[in-house]
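# Observations on the model geometry
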Amino acid sequence: MFDLSGMTALVTGASGGIGSAIARGLAAQGARLAVSGSNADKLEAFRATLDGDHVAVPANLSDASSVDGLVPAAVQALGGRLDILVNNAGVTRDNLAMRMKDEEWDTVIRVNLEAAFRLIRAAAKPMMKQRFGRVVSITSVVGQTGNPGQANYAASKAGLVGMSKALAQELASRNITVNCVAPGFIRSAMTDVLPDAQKSALLGRIPNGDLGTGEDIAAAIVYLASREAGYVTGQTLHVNGGMAMV
Amino acid sequence: MSETADRVKKIVVEHLGVEADKVTEDASFIDDLGADSLDIVELVMAFEEEFGVEIPDDAAEKITTVKDAITYIDEHKA
């Protein structure tokens with residue numbers, strides 16, 4: 001089950017914590033990858049650690065023309081086929097709304113939501129021709145529950161969910177599914193540096209009692225990207241240790 | 001029948017899975033040939049590829065019949 005042999009995948013934000021786990025997970029199931037990220041050197045270093053014939057395609061997701069060039073470049077590098085698109089790249093610019101600058105709002109919406117839309121729009125073309133496609137976007141528990149200081153981030157992540165439902169309906173007849181995965185708190189460089197008091201308060205809100213890992217997220221992505229998940233579309237799979245049940 | 005017309009009709013038959021004799025020049029993609037809006041998008045993509053023409057969205061919206069497609073392509077192909 002969940003064998004991705006013969007499939008190709010584009011993963012954005014692939015050199016980051018969750019993104020690299022996703023890329024490894026897809027590659028382990030046999031998919032051939034185009035990994036993307038904004039830092040070309042870091043990306044190439046990551047690509048070199050993957051077993052198999054994968055390609056690195058850098059892009060700056062805050063720049064519309066760079067975004068629009070990414071899918072065509074990936075499709076070409078992958079030999080003309082794109083089966084799986086994982087919109088994983090995301091940024092935060094946390095601030096209380098009263099203090100949030102226009103630029104902080106714009107950057108988060110542009111990278112997290114607008115770039116995802118542009119990439120799906122471009123990927124739909126080869127996927128429609130193939131009569132097969134799997135799109136998975138990484139949203140967040142925060143898109144469902146909100147979080148003070150993250151009006152921009154929560155809006156972008158909730159936006160991904162609604163957008164994915166609309167696109168799921170548009171593309172379902174072509175055997176293209178569009179889903180989201182919503183991580184809760186995942187162990188990362190960001191959570192490692194939290195003070196102990198804050199960390200235990202955080203863990204107190206998670207019935208599982210522990211933070212999640214990148215591998216927990218990767219497993220959900222592998223499932224939704226698989227041929228077996230063809231009847232699942234417009235859904236959000238929450239991977240959060242039970243901290244929010246929606 | 002022009003060469004363009006032949007190729008357009010072939011694409012329509014293949015894509016929409018309709019009988020060739022139903023694909024008359026006056027046939028409307030949606031009303032007569034059972035296409036939905038996504039089929040139109042795909043047909044336009046297929047025409048662009050087959051004839052090497054660019055069909056912008058505002059022009060694509062006006063292509064509702066087989067004849068509309070043939071006329072547009074004849075006027076714009078290299």
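Fair warning: this is a prediction, and the values are worked out from it, not measured in the lab.

### So, the packing of helix 1 (residues 3-16) of chain B against helix 2 (residues 37-51) of chain B
Residue and element names in this part refer to chain B. Viewed as axis vectors pointing N to C, helix 1 and helix 2 meet at an angle of 140°, and their least axial separation amounts to 10 Å. Considering their axes alone, helix 1 and helix 2 lie oblique with respect to each other. Between helix 1 and helix 2 lies a crossing of right-handed hand. Listed contacts from helix 2 to Thr4, Arg7, Val8, Ile11, Val12, His15 and Leu16 of helix 1 are Asp39, Glu42, Leu43, Ala46, Phe47, Glu50 and Phe51. When its residues are assigned to classes, the contact of helix 1 with helix 2 shows 8 nonpolar, 2 polar and 4 charged.

### Structural notes on the UniProt feature "binding site: NADP(+)" (unreviewed entry) in chain A
Residue and element names in this part refer to chain A. Here, the residues flagged by UniProt with the feature "binding site: NADP(+)" (unreviewed entry) are Asn88, Tyr153, Ala154, Ala155, Ser156, Lys157 and Ile186. Its relative accessible area of 30% is what places Ala155 among the partly exposed residues. Contacts of Ala155, omitting those with residues within four sequence positions, involve Trp105, Ile109 and Gln150. When you line up the elements, Ser156 lands in helix 6 (residues 151-171). Once residues lying within four places of it in the same chain are set aside, the contact partners of Ser156 are Val108, Ile109, Asn112 and Leu113. Looking at Ser156, its side chain comes within polar contact range of the main-chain oxygen of Tyr153, at 2.7 Å.

### Considerations on the UniProt feature "modified residue: O-(pantetheine 4'-phosphoryl)serine" (unreviewed entry) in chain B
Residue and element names in this part refer to chain B. Per the UniProt record, the feature "modified residue: O-(pantetheine 4'-phosphoryl)serine" (unreviewed entry) sits at Ser37. Counting through the fold element by element, Ser37 comes out in helix 2. Residue classification places Ser37 among the exposed positions, given a relative accessible area of 59%.

### Concerning the UniProt feature "domain: Carrier" (unreviewed entry) in chain B
Mapped onto the present numbering, the UniProt feature "domain: Carrier" (unreviewed entry) falls on residues 2-77 of chain B. Secondary structure over residues 2-77 of chain B splits into 61% helix and 0% strand, and the C-alpha atoms at its two ends are 14 Å apart.

### Comments concerning the interface of chain A and chain B
Contact residues are listed per partner, giving 7 residues for chain A and 8 residues for chain B. Summed over both partners, the interface of chain A with chain B comes to about 640 Å²; 54% of that surface belongs to carbon and sulfur atoms. Contact with chain B buries surface across chain A, with A:Met128, A:Lys129 and A:Arg174 losing the most and accounting together for 63% of the total. Run the count over chain A and chain B and you get 5 salt bridges. The closest approach of N and O atoms between B:Glu49 and A:Lys129, which form a salt bridge, is 2.5 Å. Of the residues forming the side of chain A that touches chain B, the biggest block, 3 residues, is contributed by helix 4 (residues 102-130) of chain A.

### Some remarks on the nonpolar core
All names here are of chain A. Among the nonpolar cores identified, the biggest contains 33 residues, and Leu10, Leu61, Leu82 and Leu85 are the most heavily contacted of them. Here the element with the most residues in this core is helix 4; it accounts for 9 residues. In contact with Leu85, other than residues within four places in its own chain, are Leu10, Leu119, Ile120, Ala123, Met127, Arg134, Val135 and Val136. One finds Ala9, Ala23, Leu50 and Val181 within the second-largest nonpolar core, a separate group that totals 29 residues.

### Digging into the confidence of the model for chain B
When pLDDT is averaged across chain B, the result is 92; 97% of the residues are at 70 or more. For this predicted complex, the interface confidence reaches an ipTM of 0.81, while the overall pTM sits at 0.93.

### Overview of the sheet that holds strand 2 (residues 32-35) of chain A
Residue and element names in this part refer to chain A. The strand order 3-2-1-4-5-6-7 describes an open sheet built from 7 strands, whose pairing is parallel. Looking at which strands have only one partner, the edges of the open sheet turn out to be strand 3 (55-56) and strand 7 (236-239). Of the pairings in the sheet, the one linking strand 1 (residues 8-11) to strand 2 comprises 4 bridges and is parallel in character. For Val11, the partnering residue across the bridge sits in strand 2 and is Val35.

Rules of the game
- As a convention, each chain's residues are numbered from 1 in the sequence order in which they are written.
- Here chains are named by letter from A upward and ligands by number from 1 upward, in the order in which they appear as written.
- Residue-level local features of this predicted model are given only where pLDDT is at least 70; pairs of side-chain atoms are given and counted only at 80 or more, and the full residue set underlies all totals for whole chains, interfaces and linings.
- Each side-chain value is derived from all of the structure's non-hydrogen atoms; neither hydrogens nor water enter the calculation.
- The convention used is that axes are lines fitted to C-alpha atoms, helices contributing only their stretch in contact, and that angles between N-to-C directions extend from 0 to 180 degrees.
- Numbering of helices and strands starts at the N terminus; helices are DSSP runs of H or I of at least 4 residues and strands are runs of E of at least 2.
- Should an angle lie under 35 degrees it is considered roughly parallel, over 145 roughly antiparallel, and from 65 to 115 roughly perpendicular; all remaining angles are considered oblique.
- By convention the crossing between two helices is left-handed if the near helix lies anticlockwise of the far one by an angle smaller than a right angle, and right-handed if it lies clockwise.
- The criterion used for residue contact is that any of the two residues' heavy atoms lie within 4.5 Å.
- Each residue is assigned to one of three groups, with Ala, Val, Leu, Ile, Met, Phe, Trp, Tyr, Cys and Pro labelled nonpolar, Asp, Glu, Lys and Arg labelled charged, and all others, Gly among them, labelled polar.
- UniProt positions are given in the numbering used here, feature names are shortened, and annotations may be inferred rather than shown by experiment.
- To sort residues, take the accessible area from a 1.4 Å probe on protein chains only and compare it with the maximum for the residue type: under 20% means buried, over 50% means exposed, and anything in between is partly exposed.
- Identification of polar contacts relies on pairs of N or O atoms within 3.5 Å, with a donor-acceptor requirement for protein atoms, meaning one able to donate a hydrogen and the other able to accept it, and with residues adjacent in sequence counted only if both atoms are side-chain atoms.
- Defined in terms of a 1.4 Å probe, buried area is the accessible area two parts forfeit on being brought together, summed over both.
- The term salt bridge refers to a side-chain nitrogen of Lys or Arg lying within 4 Å of a carboxyl oxygen of Asp or Glu.
- Side-chain atoms within 4.5 Å link the members of a nonpolar core, which is a set of buried Ala, Val, Leu, Ile, Met, Phe, Trp, Tyr and Cys residues.
- Note on scores: pLDDT gives the predictor's confidence for each residue, bounded by 0 and 100.
- If DSSP finds at least two bridges between two strands, the strands pair.

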